[in-house]
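# Structural features, examined
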Amino acid sequence: MFVTPAYAQDAVGAPGGMADIFIQLMPIALLVVIFWLLIFRPQQKRLKAQQAMLSAIRRGDTVVTTGGVIGKVTKAVEGEDLEVEIAQGVKVKVVRHMIADVRSKSEPVNDNKPA
């Protein structure tokens, strides 16, 4: 008389199957996709644009270093170093990856003038 059948116990022993696992993992997968679209993808695009800018630096360009020094590139070879003139007659060597911005692009001066 005081004992009633426990209907909830029947569902505990039954296997849930793949549908339950998929439903539980769906919010986590959705968060991963949102993070990838909003954070990682734009960061990769900015990094690619920065590397393209650094590889395109040529002699005569006005650059800004990460320290805020503005100068004109006097020597740019395909290595890591750039020679930047920060004042009349004052040239410093700067590592290419420490350039924050290229202010003005200019055509390189042709030193090989025909005679």
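Described in the following lines is the structure provided in the data block. Everything numeric here is computed off the predicted structure, so don't read it as measured data.

### Some details on the overall build of the chain
Along the backbone of the chain there are two helices and five strands. Going from the N terminus to the C terminus, the chain shows its helices and strands as α-α-β-β-β-β-β. The buried share among the 115 residues of the chain stands at 14%. Long-range contacts, defined as pairs at least 24 residues apart, comprise 43% of the intrachain contacts of the chain with a sequence gap of at least 6. Accessible surface, the chain: about 9,500 Å² in total, of which carbon and sulfur atoms supply 64%.

### Description of the nonpolar core
Of all hydrophobic cores here, the largest spans ten residues; its members are Met53, Leu54, Ile57, Val63, Val73, Leu82, Val84, Val94, Ile99 and Val102. Leave out the neighbours within four places in its chain, and isoleucine 57 touches Val73, Ala76, Leu82, Arg96, Ile99, Val102 and Lys105.

### Things to note about the sheet that holds strand β5 (residues 99–104)
Overall, antiparallel pairing links the five strands, which are arranged β4-β3-β2-β1-β5 in an open sheet. A strand with exactly one partner marks an edge of an open sheet, and here the two such strands are β4 (90–95) and β5. On average, each strand axis in the sheet is inclined to that of its neighbour by 45°, with strand direction left out of account. As paired strands, strand β2 (residues 70–76) and strand β3 (residues 81–87) are joined by four bridges and run antiparallel to one another. In the strand pairing of β3, lysine 72 is matched with glutamate 85.

### Some remarks on the environment of valine 73
Relative to the helices and strands, valine 73 resides in strand β2. Distance in space between the C-alpha atoms of valine 73 and threonine 62 is 6.4 Å, their sequence separation being eleven residues. Leaving out residues up to four positions away in the same chain, valine 73 has contacts with Ile57, Arg58, Arg59, Gly60, Asp61, Val63, Glu83 and Val84.

### Considering a nonpolar patch on the surface
Where nonpolar side chains cluster on the molecular surface, the patch consists of Leu30, Leu31, Val33, Ile34, Phe35, Trp36, Leu37, Leu38, Ile39 and Phe40 and spans about 970 Å² of accessible area. As for its placement among the helices and strands, leucine 31 is situated in helix α2 (residues 18–55).

### Some remarks on the pairing of β4
Within a regular beta strand, the side chains point alternately toward one face of the sheet and then the other, so they alternate between its two faces. Bridging between β3 and β4 involves six bridges; their strand directions are antiparallel. Looking at β4, one finds that aspartate 81 is bridged to valine 95. Counted between consecutive antiparallel strands, the loop separating β3 from β4 contains two residues, among which glycine 89 sits at a positive phi close to 80°.

### A word on the side chain of aspartate 61
Checked against the element boundaries, aspartate 61 lands in the loop between α2 and β1 (62–65). Overall, the relative accessible area of 0% leaves aspartate 61 in the buried class. At a separation of 2.8 Å, a polar atom in the side chain of aspartate 61 contacts the main-chain amide nitrogen of arginine 58.

Reading the values: rules and limits
- Residues numbered from 1 in each chain as written.
- Predicted model: local features only at pLDDT ≥ 70, side-chain atom pairs only at ≥ 80, totals over all residues.
- Heavy atoms only, no water.
- Helix = DSSP H or I, 4+ residues; strand = E, 2+ residues; numbered from the N terminus.
- Buried < 20%, exposed > 50% of the residue type's maximum accessible area, 1.4 Å probe, protein only.
- Contact = heavy atoms within 4.5 Å.
- Areas by Shrake-Rupley, 256 points an atom, 1.4 Å probe, with all protein chains shown as cover.
- Core = buried A, V, L, I, M, F, W, Y, C linked by side-chain atoms within 4.5 Å.
- Pairing = 2+ DSSP bridges.
- Axes fitted to C-alpha atoms, helices over the stretch in contact; angles between N-to-C directions.
- Patch = residues over 30% accessible without salt bridge, like charges linked within 9 Å, V, L, I, M, F, W, Y side chains within 5 Å.
- Salt bridge = Lys/Arg side-chain N within 4 Å of Asp/Glu carboxyl O.
- Polar contact = N/O pair within 3.5 Å; in protein donor to acceptor, adjacent residues only side chain to side chain.

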